[in-house]
Amino acid sequence: MRNTRTLTHHAALTAATVTAALVLAACGNDSSGNDSGSGNTGGHSSASSSTSADATAGVHNAQDVSFAQGMIPHHQQALEMAELAADRASSAGVKSLASRIEEAQGPEIRTIGGWLKSWGEHVPTSSDSTTESMPGMDHSAGSGMPGMRDGSDMDELDKASGTDFDTMFLTMMIDHHEGAVAMATTEKGKGVYGPATSMADDIVTAQTAEIAEMNKLLGKS
């Protein structure tokens, strides 16, 4: 009887031990699975962060930098010319065009400046002497960028008014726009930074249309 009880007791202990081992093994597998899941999540998070950082920094080349550093002073001069139209122009068409130039190019200057800062590159200012000639640009019309006016031209425009201002403004701005279109066309062909080539495409489209509008205001078309 005693042997039977002893055997029964041993059998119960053995069964309990096996059950406990199976439970522990199952828990271990669940834990391993969870750890694996966490590890994968962490890996995806790290990859996402890296991709996000790359997108923020942006892949760009020397042409993108040249375009950005050249377009800022180019736009700034266009704004200076446009601001004069408010109280000097006599044509409603000229005033309307000048207002649209300000609305479009002011925000573009801020956007381009943001690119240059994110790239760790110099951001030109209106008083920066380097704006007279930027590397990588085709300066066939002199030492400045295409379409840029010198100080004497700007002084003349500042002193003009009425119909004289209208004619001078339109003539200078057509040349200025043609320069911007040339710069933007180069960027479209040689740049690699998506937002910059996209803006260049917009500049070509918008300013080509404005050139046609200005020629019409001058009675040339």
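Predicted model, so just to flag it, every value in this text is computed and none were measured.

Bringing the side chain of Glu108 into the picture now. Mapped onto the elements, Glu108 comes out in helix α3 (residues 92–119). Lacking a salt bridge, the buried Glu108 has Arg110 as its closest oppositely charged neighbour, with an N-O distance of 10 Å. Side chain to side chain, Glu108 and His75 meet in a polar contact 2.6 Å long.

Next up on the list: the confidence of the model for the protein chain. Looking at the protein chain as a whole, its pLDDT mean stands at 78, while 65% of the residues score no less than 70. Predicted confidence in the protein chain is weakest over helix α1 (residues 2–57), with a mean pLDDT of 44, and strongest over helix α6 (residues 194–217), with 98. Counting contacts from residues 1–56, a segment whose pLDDT is below 50, to residues more than four positions away or on other chains yields one contact. Ignoring residues within four places in sequence, the model shows residues 129–143, a span with pLDDT below 50, making 25 contacts including any to other chains.

It is worth spelling out the packing of helix α4 (residues 151–159) against helix α5 (residues 162–190) at this point. The angle between the axes and the distance between the axes are what describe a pair of packed helices. Relative to each other, α4 and α5 sit at 150 degrees, their axes nearing to 9 Å. Judged by the sense of rotation from one axis to the other, the crossing of α4 with α5 is left-handed. Facing α4, whose interface residues are Asp153, Met154, Glu156 and Leu157, α5 presents Phe165, Met168, Phe169 and Met172. A per-class count over the contact of α4 with α5 returns six nonpolar, no polar and two charged.

Looking at the element boundaries, Ile174 is found in helix α5. You can call Ile174 buried: its relative accessible area is 9%. Taking the C-alpha atoms as reference points, Ile174 and Gln207, 33 residues apart in sequence, are found 8.9 Å from one another. Dropping the residues within four chain positions of it, Ile174 is found in contact with Ile211, Met214, Asn215 and Leu218.

Moving on, we get to the nonpolar core. Ile112, Phe165 and Phe169 are the most contacted members of the largest nonpolar core, which has 43 residues in total. Of all the secondary structure elements, the ones that give two or more residues to this core are α2 (62–88), α3, α4, α5 and α6. Setting aside its immediate chain neighbours within four residues, Ile112 contacts Ala68, Met71, Ile72 and Met199.

The next subject is the packing of α2 against α5. It is the contact of α2 with α5, at a shortest axis distance of 10 Å, that shows an interaxial angle of 165 degrees. One element, α2, and the other, α5, form an angle in the roughly antiparallel class. Where α2 crosses over α5, the two elements pack in a sense that is left-handed. In terms of residue class, the contact of α2 with α5 is made up of 14 nonpolar, eight polar and four charged.

Rules used in this analysis
Residues numbered from 1 in each chain as written. Predicted model: local features only at pLDDT ≥ 70, side-chain atom pairs only at ≥ 80, totals over all residues. Heavy atoms only, no water. Helix = DSSP H or I, 4+ residues; strand = E, 2+ residues; numbered from the N terminus. Buried < 20%, exposed > 50% of the residue type's maximum accessible area, 1.4 Å probe, protein only. Lys, Arg positive; Asp, Glu negative; His and termini not counted. Salt bridge = Lys/Arg side-chain N within 4 Å of Asp/Glu carboxyl O. Polar contact = N/O pair within 3.5 Å; in protein donor to acceptor, adjacent residues only side chain to side chain. pLDDT = per-residue confidence, 0-100. Contact = heavy atoms within 4.5 Å. Axes fitted to C-alpha atoms, helices over the stretch in contact; angles between N-to-C directions. Left-handed = near helix turned anticlockwise from the far one by under 90°. Nonpolar A, V, L, I, M, F, W, Y, C, P; charged D, E, K, R; others polar. Core = buried A, V, L, I, M, F, W, Y, C linked by side-chain atoms within 4.5 Å. Parallel < 35°, antiparallel > 145°, perpendicular 65-115°, else oblique.

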